[in-house]
Amino acid sequence: MNEAESAPMFSASRAGLIIREKEPANLEFAFTSLGPVTSTNEFFVRTHFPVPAIRTQDWTLTVDGEVERELVLTYDDLLGLPATTAPVLLECAGNGRAQLVPKAKGLLWDTGAVGTAEWTGVPLSVVLEKAGVKPGAIDVILQGADEGEVDDPKSPGAIHFERSLPLAKALRPEVFLAYQMNGKNLTPDHGFPVRAVVGGWYGMASVKWLTRVTVTAAPFEGFWQSLEYAYWKRERERPTLAAVAEVQVKAQIARPALSEAVPAGKPYRVFGAAWGGESDVARVEVSTDAGKTWSDAELLGKAVPFTWRLWEFLWDVPKSVGRYKVMARATDTNGHTQPETHDADRRTYMINFVFTVEVEVM
Ligand SMILES: Nc1nc2c(c(=O)[nH]1)N[C@H]1C(S)=C(S)[C@@H](COP(=O)(O)O)O[C@H]1N2
Ligand SMILES: [Mo]
């Protein structure tokens, strides 16, 4: 078989993304292309198993467990329910992992495992109300149709990708079952035909290829909940593994890029985005001297919950040439500021310490 006859390696929709893994596809957005909304073509892809091929006419959503009425919704049933459209940011819990020292295991995302898209779908609360949640229910498990074996520890055969939300979060308006992304049907990579979108939480909560919702009276302790995407939380000094949940406050720099040549003695627009999970961004500061001094950046537009806030800072670039370290740090409306170093309790997740972009002033 010659080159031309072999299957195309990537669909056009993957052009421009940085490949972190080919199979399954794990693709990173070039954060230097930052804009208010990330196009579907540029949106990062994080998958654990091969993408399941699901036709809308075959798709159903089962709602079971601690409910008054078990439901099996078809695609048309779902489309018949009241929908909302909202921009929501998704950030992989491992975004920034490439910046950890020593070198971490796992996918080495740089700063592009994050994006903001406009999602359309039905609030999960609408579906749960239809099913009638029984008293005593506390957790809601979202299961994807994708499955496979995991090695560490070796799974008893194939397991699905699934994650749970506490009932209180599952009922919030920022949690919905999306069938459109940026005004078009979801693409296979992003969960076609239906995925969860969980505003304010790291990406693993936004289960793609969603086919089952199970309400439970006990906390769910599946693999992706208690082993992967879990961190050491200290309860009364005692470390216990807890599920990674809320996105932590963070600012990222899109401009300048790493090792960019910045003209000496001229003004330069430093540009980026900041986000705060379940809270808004209150402040972004920029340092151009490796963190010795900080100045306020200007927050652009207005705060929209569960998305990022773009910001800019006009840097009066010195006349003296050489290497400069540019940094940005955000503070959320709860007063949390980004830390200077990564907390080892978080393992290789929730990476929001202040990053450095070194440039050449010349
Ligand atoms: N069913 C399923 N859902 C999933 C995943 C997956 O592998 N399977 N990956 C999760 C992770 S870790 C992230 S960060 C987001 C990424 O969503 P995206 O690929 O649309 O960017 O999907 C989440 N939902
Ligand atoms: Mo993720």
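Residues numbered from 1 in each chain as written. Chains lettered and ligands numbered in written order. Predicted model: local features only at pLDDT ≥ 70, side-chain atom pairs only at ≥ 80, totals over all residues. Heavy atoms only, no water.

Peer 1: Would you explain the packing of aromatic side chains in this entry?
Peer 2: All chains considered together, the criterion is met by 14 aromatic pairs. Here F43 and F44 contribute two aromatic rings whose centre-to-centre distance is 5.4 Å and whose plane-to-plane angle is 20°, an arrangement assigned as stacked. According to the relative accessible area criterion, F43 is buried, its value standing at 1%. Their ring planes at 85° and their centres at 5.9 Å tell us that F43 and W119 sit as a pair that is edge-to-face. (Phe/Tyr/Trp six-rings, centres within 6.5 Å; stacked < 30°, edge-to-face > 60°. Buried < 20%, exposed > 50% of the residue type's maximum accessible area, 1.4 Å probe, protein only.)

Peer 1: Just checking my understanding: could you explain the domain arrangement of the chain for this structure?
Peer 2: A common way to express how large an interface is: the accessible area buried when the components associate. Assigned domains within the chain: domain 1 (18-243) and domain 2 (250-361). One C-alpha centre belongs to domain 1, the other to domain 2, and the line joining them spans 28 Å. Each side of the interface is counted separately: domain 1 has 37 residues, and domain 2 has 27 residues. At the boundary of domain 1 with domain 2, total buried surface from both sides reaches about 2700 Å², with 63% on carbon and sulfur atoms. Of all residues in domain 1, F31, L34 and L100 bury the most surface against domain 2, accounting for 20% of the area lost on that side. Remark: the boundary between domain 1 and domain 2 carries three salt bridges. Salt-bridge contacts for E278 lead to K169; the nearest nitrogen and oxygen are separated by 2.7 Å. There are 15 residue pairs in polar contact (both at pLDDT 80 or more) connecting domain 1 and domain 2. Secondary-structure elements contributing two or more residues to the side of domain 1 that touches domain 2 are β6 (84-91), β7 (114-123) and β14 (230-235). Broken down by class, the residue content of the side of domain 1 that touches domain 2 amounts to 18 nonpolar, 12 polar and seven charged. (Domains from an automatic or database assignment. Contact = heavy atoms within 4.5 Å. Buried area = accessible area lost by both parts, 1.4 Å probe. Salt bridge = Lys/Arg side-chain N within 4 Å of Asp/Glu carboxyl O. Polar contact = N/O pair within 3.5 Å; in protein donor to acceptor, adjacent residues only side chain to side chain. Helix = DSSP H or I, 4+ residues; strand = E, 2+ residues; numbered from the N terminus. Nonpolar A, V, L, I, M, F, W, Y, C, P; charged D, E, K, R; others polar.)

Peer 1: What should I look at first to understand the sheet that holds strand β3 (residues 45-46) in this one?
Peer 2: Backbone-to-backbone hydrogen bonds pair the strands of a sheet. The strands run either parallel or antiparallel. Taken in spatial order, the three strands line up as β1-β2-β3 in an open sheet, and their pairing is antiparallel. One side of each edge strand has no neighbouring strand; the edge strands of this open sheet are β1 (18-21) and β3. Pairing between β1 and strand β2 (residues 26-28): three bridges, direction antiparallel. Residue E21 lies in a different strand from β2, and its bridge partner there is N26. (Pairing = 2+ DSSP bridges.)

Peer 1: Quick question: what am I supposed to make of the environment of G16 here?
Peer 2: Counting through the fold element by element, G16 comes out in the segment before β1. With relative accessibility at 66%, the residue G16 sits in the exposed group.

Peer 1: Looking at this structure, how should I read the confidence of the model for the chain?
Peer 2: In low-pLDDT regions, the fine details of the predicted coordinates are not to be read closely. Across the chain, the average pLDDT comes to 95, with 96% of residues at or above 70. Under a pLDDT of 50 for its full length, residues 1-10 has, in the predicted model, four contacts with residues more than four places off or in other chains. (pLDDT = per-residue confidence, 0-100.)

Peer 1: Would you mind showing me how to read the pairing of β14 here?
Peer 2: Note on strand geometry: in a regular strand, side chains alternate between the two faces of the sheet. Where β14 lies against strand β15 (residues 238-243), six bridges are found, and the strand directions are antiparallel. Among the inter-strand pairings, K233 is bridged to a residue of β15, identified as T240. Taken together, β14 and the strand that follows it, β15, pair antiparallel across an intervening segment of two residues, in which R236 is found at a positive phi of about 45°.

Peer 1: What is the right way to look at the side chain of Q143 in this model?
Peer 2: Inspection of the secondary structure assignment puts Q143 in strand β8 (residues 139-148). The exposure class of Q143 is buried, given its relative accessible area of 12%. Side chain to side chain, Q143 and E162 meet in a polar contact 3.0 Å long. In this structure, Q143 is in contact with H160, F161, E162, V207, W209, L210, T211 and R212, ignoring residues within four places of it in sequence.

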